[in-house]
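Per-entry structural report
Here is what each chain is made of, one letter per residue.
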2 protein chains.
Amino acid sequence: MAHKTDGPEHAPLPATKRAPIVAVFVVIFTVEESDLKVLLIRRGVAPYEGQWAIPGGRLQTGETLDEAATRKLVEETGVRDVYLEQLYTFGDLDRSAEGGAVAIGYFALVDHDSVSLPRREEWPTAWYSLKSLPPLAFDNESVLDYALRRLRSKMEYTNVAYSLLPQYFTLSQLQAVYESILGKEVDKRNFRKRMLALGILRPTGRTMVLGAHRPAKLYTFASRQPTAI
Amino acid sequence: MAHKTDGPEHAPLPATKRAPIVAVFVVIFTVEESDLKVLLIRRGVAPYEGQWAIPGGRLQTGETLDEAATRKLVEETGVRDVYLEQLYTFGDLDRSAEGGAVAIGYFALVDHDSVSLPRREEWPTAWYSLKSLPPLAFDNESVLDYALRRLRSKMEYTNVAYSLLPQYFTLSQLQAVYESILGKEVDKRNFRKRMLALGILRPTGRTMVLGAHRPAKLYTFASRQPTAI
DNA sequence: TCAAAAGTGTTGTTTATACACCCATGT
DNA sequence: ACATGGGTGTATAAACAACACTTTTGA
């Protein structure tokens, strides 16, 4: 679905003036060792050459926005079929582009273990903890802030966490993911009660031994589709 | 704030190919006589000439997205300083535009009494009840669906209703606005309790006579800024 | 005096929070 | 045997939902 309506006053407007650049970028989150991280790319050209930025690129002809975001995600992580949602569209900055630039932002959640970062010399990528970000290009800091706020509120009422965990996981792992993202500890008993009451988890009957202690029951998400509970 | 990051593979891409058209449109809602309405415009050119559509137009050079949405809103309603929020960006359709089209959608809430529709022959506008929409251009039906879902959820936890009411209003008027938008009746006592408990309303001490019955107390919003309660 | 909307409290139910101990395992 | 994380229940508080009658006015 999409839309275009020319208003009365600029119906005939010729397409000769410099048109704005249209870019799509993807904020890719993961949780690794109970730490929320984001994938950044080091820019190989001006502006902001050498600085870290959120990965993105031009929208290609004939491509939908979702397709462009998926393409970017696959290029940078190799994963597909994860949670991917449109975040916001930014129209100010990049000021360096004459004619202006419009950037449609997405955010994605990936299971760290299923990602393989491409090896390359230019435009290298790396995971950065949200607690220790390098200086970022453009004002990507505020974009990350916005994405994080959105992610946190989504965690409260959806099953998006499915996309950050392997197929089978323990309730403690699930809790660790929540705590990493919300940035605060939650009560174990209340957390389990709430999650199980939601009915989005299915016990597998299997257990997993993780150390010198009682084995943990393994669960799986009843649905791996985004569900607005 | 905004963003643009060229990925490695298309850093040098020449700007010669047909660039996508960038348009901004605004879903303008109002409540009139306890009925939720949307402002539509009748298209004067192909595609979909003669059909009703959500008002919008090209993004102009040097303009931010918010500025473009505000400009459109003022052009069509004369009002300013109302609730205006970015909704979603659509990238598929208009298929008729070669090079593609990207449309950034906004939604706005206006007090019906402060609107004056422009009088003109071409591209006329009119309010339509959401209960009896004409056939729409592009697939604006699904855009309206989306906007309505967003509006409903916003009503639950924000003060956006301030933008749909005159400065002074009664609790019954406020309730009528909620019921029109949510599409269902709510309990009067619980509604009043909840609204007053939120602390976003201020009693004015004045009353208003509306008919052959007891006069109603007038309230005003403590803040006319968007507040995420 | 009648019709019509304004205004007002209580009770029961559901949901969220706070909090501490035993269990199964590896070393 | 001990250290480690896995697993479990209860009591209190807060939020929400259901429900009916009296008040003030204009006609």
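Whatever comes next refers back to the structure up there.
Residues numbered from 1 in each chain as written. Chains lettered and ligands numbered in written order. Predicted model: local features only at pLDDT ≥ 70, side-chain atom pairs only at ≥ 80, totals over all residues. Heavy atoms only, no water.

With that settled, the discussion passes to the protein's contact with DNA strand C. Near DNA strand C lie 20 residues; those nearest to it are Ala212(A), Ser172(B), Lys188(B), His213(B) and Lys217(B). Within 4 Å of the protein, the contacting atoms of DNA strand C are 43% sugar and phosphate, with bases supplying the remainder. His213(A) places a polar main-chain atom, nitrogen or oxygen, 3.1 Å from a base oxygen of DNA strand C. Among the elements of the structure, α4 (188-198) of chain A together with α4 (188-198) and β9 (216-221) of chain B are those that each provide at least two residues to the surface near DNA strand C. Here the surface near DNA strand C gets four residues from one element, more than from any other, and that element is α4(B). Residues belonging to the surface near DNA strand C are distributed by class as follows: five nonpolar, five polar and ten charged. (Near = heavy atom within 4 Å. Polar contact = N/O pair within 3.5 Å; in protein donor to acceptor, adjacent residues only side chain to side chain. Helix = DSSP H or I, 4+ residues; strand = E, 2+ residues; numbered from the N terminus. Nonpolar A, V, L, I, M, F, W, Y, C, P; charged D, E, K, R; others polar.)

Turning our eyes to something else, we now look at the protein's contact with DNA strand D. Lys188(A), Lys193(A), His213(A), Lys217(A) and Arg214(B) are the nearest of the 21 residues found near DNA strand D. Counting only the atoms of DNA strand D within 4 Å of the protein, the fraction contributed by sugar and phosphate is 40%. The contact in question runs from a base oxygen of DNA strand D to an N or O atom on the backbone of Ala212(A), over 2.9 Å. Contact between DNA strand D and His213(B): a base oxygen at 3.2 Å from a main-chain N or O atom of the residue. The element contributing the most residues to the surface near DNA strand D is α4(A), with five residues.

With that settled, consider the side chain of Ser180(A). Residues and elements named next belong to chain A. Tracing the sequence through the fold places Ser-180 in helix α3 (residues 171-182). Assessed through its relative accessible area of 15%, Ser-180 is described here as buried. A distance of 3.2 Å separates the side chain of Ser-180 from the backbone oxygen of Ser-34, its partner in a polar contact. Leave out the neighbours within four places in its chain, and Ser-180 touches Val-31, Ser-34, Asp-35 and Leu-36. (Buried < 20%, exposed > 50% of the residue type's maximum accessible area, 1.4 Å probe, protein only. Contact = heavy atoms within 4.5 Å.)

Residue and element names in this part refer to chain A. Relative to each other, helix α2 (residues 140-157) and α3 sit at 140°, their axes nearing to 10 Å. The interaxial crossing formed by α2 with α3 has left-handed handedness. Where α2 abuts α3, its residues Leu-148, Leu-151, Arg-152, Met-155 and Glu-156 lie against Val-177, Tyr-178, Ile-181 and Leu-182. Within the contact of α2 with α3, the residues separate by chemical class into seven nonpolar, no polar and two charged. (Axes fitted to C-alpha atoms, helices over the stretch in contact; angles between N-to-C directions. Left-handed = near helix turned anticlockwise from the far one by under 90°.)

Bringing helix α2 (residues 140-157) of chain B into the picture now. Residue and element names in this part refer to chain B. For α2, spanning 18 residues, the distance from its first C-alpha to its last is 26 Å, which sits close to the expected 26 Å at 1.5 Å a residue. Along α2, the residues that are buried comprise Asn-140, Val-143, Leu-144, Ala-147, Leu-148, Leu-151, Lys-154 and Met-155. Summarising the axial view, the buried residues of α2 lie within an arc of 135°, below the 170-degree limit, and thus occupy one face. If you follow the buried residues of α2, they end up packed against β1 (21-32), β2 (35-42), β3 (52-53), β5 (83-90), β6 (101-109) and α3 (171-182). (Expected span 1.5 Å × (residues − 1). Arc of directions from axis to C-beta.)

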